[in-house]
Amino acid sequence: MRRGSAATRESFPRGRGWPNETFVARPKEKHVKIGIIGAGDIGGTLTRRLRAVGHEVAVANSRDPETLADLASETGATAVWAKDAATDADLVIVSIPQKNTPDLASGILSARKPGAPVIETNNYYPQQRDGKIDAIEDGTPESVWVSELLGEPVVKAFNGIWWKHLLNKGVPAGTEGRIALPIAGDDADAKKIVSAVIDEIGFDVVDAGSLADSWRQQPGTPVYGKDFGVDATVDALAQATPERTAEWKA
């Protein structure tokens, strides 16, 4: 397991939470059941990639499951109502517009298996889509806000990669130029599971720290939208500042 250099470690401001380990996860030995809430660019792409490596996927959007008939036919995923997506799931992915998070039904994740991680892929786009969200504007990290609304711990992942690259640029472990994706969360076991899934679909993983430090990978930061490898991702996370840039605040 690789660790960041002393120089990189020192570049993180004190008290901000050094993402103290980078690692490449190994594939899981068995296929698992994954529920995906949201079938847009990222949710639909993850449906395709996770089905391609053999996982059982139940996918939902905000409408009738019949609206996902084409995606289900293409991938072999099961289209379900949003309220049923997490049922008995080993892993749940929430991938919806940030502004729609408060509209999710209370307890929508409660039917997942005990301890099953929840990934959230969302980004806050105040000018482009979401409007002003006061708590985020006042400094609450995006994923902390989501976690509080869901009433569940989450792991932030997949938020900074373009969906076409997520679909097409995954490569086997050890391949030169493999893209690294940062993840953030408070549960080490959950992050191991999430990391293994990310590795399976062709990407390295960098632990970006706690959920409170997930601002390091939000829009406008040096790592956002980049296809960096592990070392460059670590450096970009170290260079991030919590101040939202003009483009990404209301």
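No experiment lies behind these values; they were computed from the predicted model shown.

1. Notes on the sheet that holds strand E5 (residues 91-94)
Okay, step 1: Sheet architecture is open: six strands sit in the order E4-E3-E2-E5-E6-E7, paired in parallel fashion. Every other strand in the sheet has two partners, leaving strand E4 (78-79) and strand E7 (155-156) as the edge strands with one partner each.
Okay, step 2: Alignment of strand E6 (residues 118-120) against E7, held across two bridges, turns out to be parallel. From the neighbouring strand, Ile119 faces E7, where its bridge partner is Val155.

2. Some points on the packing of aromatic side chains
Okay, step 1: A full pass over the atoms with the stated rule returns two aromatic pairs.
Okay, step 2: Pairing Tyr125 with Trp248 gives two aromatic rings, centres 5.4 Å apart and planes at 45°, and the pair type is tilted. Of the two residues, Tyr125 sits in the loop between E6 and helix H4 (126-130) while Trp248 sits in the segment after helix H9 (230-239), which places them 123 residues apart along the sequence. The burial state of Tyr125 is the same as that of Trp248; both residues are buried.
Okay, step 3: Judged by centre distance (6.0 Å) and plane angle (70°), the ring pair of Tyr224 and Trp248 falls under edge-to-face. Pair noted here: Tyr224 is in the loop between strand E9 (204-207) and H9 and Trp248 is in the segment after H9, with a separation of 24 residues, a long-range link.

3. Observations concerning empty space enclosed by the protein
Okay, step 1: Considering all chains together, one arrives at one cavity of 30 Å³ or more under this definition.
Okay, step 2: By volume, the largest cavity amounts to about 90 Å³.
Okay, step 3: Forming the boundary of the largest cavity are Phe158, Asn159, Gly160, Ile161, Ala180, Leu181, Pro182, Gln217, Val223, Tyr224 and Lys226.
Okay, step 4: Tallied by class, residues from the lining of the largest cavity come to seven nonpolar, three polar and one charged.

4. Brief notes about the layout of surface pockets
Okay, step 1: Computed from the structure, the largest pocket encloses a volume of approximately 710 Å³.
Okay, step 2: If you go around the largest pocket, you meet 33 residues; those closest to its centre are Gly40, Ser95, Ile96, Pro97 and Arg129.
Okay, step 3: A per-element tally of the lining of the largest pocket places helix H2 (residues 41-52) first, with three residues.
Okay, step 4: The class makeup of the residues in the lining of the largest pocket is 16 nonpolar, 13 polar and four charged.

Definitions and cut-offs
Residues numbered from 1 in each chain as written. Predicted model: local features only at pLDDT ≥ 70, side-chain atom pairs only at ≥ 80, totals over all residues. Heavy atoms only, no water. Pairing = 2+ DSSP bridges. Helix = DSSP H or I, 4+ residues; strand = E, 2+ residues; numbered from the N terminus. Phe/Tyr/Trp six-rings, centres within 6.5 Å; stacked < 30°, edge-to-face > 60°. Buried < 20%, exposed > 50% of the residue type's maximum accessible area, 1.4 Å probe, protein only. 1 Å grid on protein atoms, 1.4 Å probe; cavity = no way out; pocket = protein on both sides within 12 Å on 5 of 7 lines; lining within 4 Å. Points joined across faces, edges and corners; volume = space filled by probe spheres on them. Nonpolar A, V, L, I, M, F, W, Y, C, P; charged D, E, K, R; others polar.

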